[in-house]
Amino acid sequence: MRAVFGVILAGAALAATTLAGCQQAELGVEDAWVRLPAVQGRPGAAYFTVKGGAQATSLVAVSSPAAIRTEIHEMKHDGKMMTMAPIKDVPVAAGGRVEFKPGGKHVMLFDLSPEVRAGGTMPLRLAFADGKTVEVNAEVRAAGDAHDSH
């Protein structure tokens, strides 16, 4: 009886492992946060990590009802200078990860609602080339908070 029970348990473990291996990666967003501007009236910035799904795609837009206009930007070293420029889209490999972080890719948030305050959250909607969208609530942080180096 013990031998049969052991075989059943081994079979169940193998089935669970096989199912886990067959699961497809799902497009998603993690660790979303917004840095408020140090000077009122200036743009804020949004940061997050995009997790690629089963198929490659591109992030083509980020929007929020709390910002009148948004732009995807990237900071780069150009010789000894740091430059920032808008970018049209951001490729996301199947199963890959793309970090939006201070000093790199980020989303500029123009004309933020005065109701957006540190300690709260702000909705972000990410649109992808394949037609998928992901909505997240980003933690709102004051300029100068930990994690701030933009």
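Conventions used here
- Residues numbered from 1 in each chain as written.
- Predicted model: local features only at pLDDT ≥ 70, side-chain atom pairs only at ≥ 80, totals over all residues.
- Heavy atoms only, no water.
- Core = buried A, V, L, I, M, F, W, Y, C linked by side-chain atoms within 4.5 Å.
- Buried < 20%, exposed > 50% of the residue type's maximum accessible area, 1.4 Å probe, protein only.
- Contact = heavy atoms within 4.5 Å.
- Helix = DSSP H or I, 4+ residues; strand = E, 2+ residues; numbered from the N terminus.
- Pairing = 2+ DSSP bridges.
- Salt bridge = Lys/Arg side-chain N within 4 Å of Asp/Glu carboxyl O.

Outline the nonpolar core, supporting the account with residue identities and numerical values.
Counting 29 residues, the largest nonpolar core has Phe48, Leu59, Phe100, Met122, Leu124 and Leu126 as its most contacted members. Apart from the residues lying within four places of it in its own chain, the contact partners of leucine 124 are Ala46, Phe48, Val62, Ser63, Ser64, Val134, Glu135, Val136 and Ala138.

Explain the pairing of strand 1 (residues 28–35) to me, and be specific about the residues and the numbers.
Buried residues dominate strand 1, accounting for six of its eight residues. With six bridges joining them, strand 1 and strand 2 (residues 44–51) adopt antiparallel strand pairing. Paired with valine 29 across the strands is valine 50, a residue of strand 2. Where strand 1 lies against strand 10 (residues 133–141), three bridges are found, and the strand directions are parallel. Across the sheet, residue valine 34 finds its bridge partner in strand 10, namely valine 140.

Talk me through the pattern of salt bridges; I want residue IDs and the actual numbers.
Tallied over the entire structure, the rule returns six salt bridges. Glutamate 71 is paired through a salt bridge with arginine 69; the nearest N and O atoms lie 2.3 Å apart. The exposure class of glutamate 71 is partly exposed, given its relative accessible area of 24%. Here glutamate 135 makes a salt bridge to arginine 125, at a shortest N to O gap of 3.2 Å. In this pair, glutamate 135 is assigned in strand 10 and arginine 125 in strand 9 (residues 121–128), connecting sequence segments ten residues apart. Exposure remark for glutamate 135: the relative accessible area of 59% places this residue in the exposed category.

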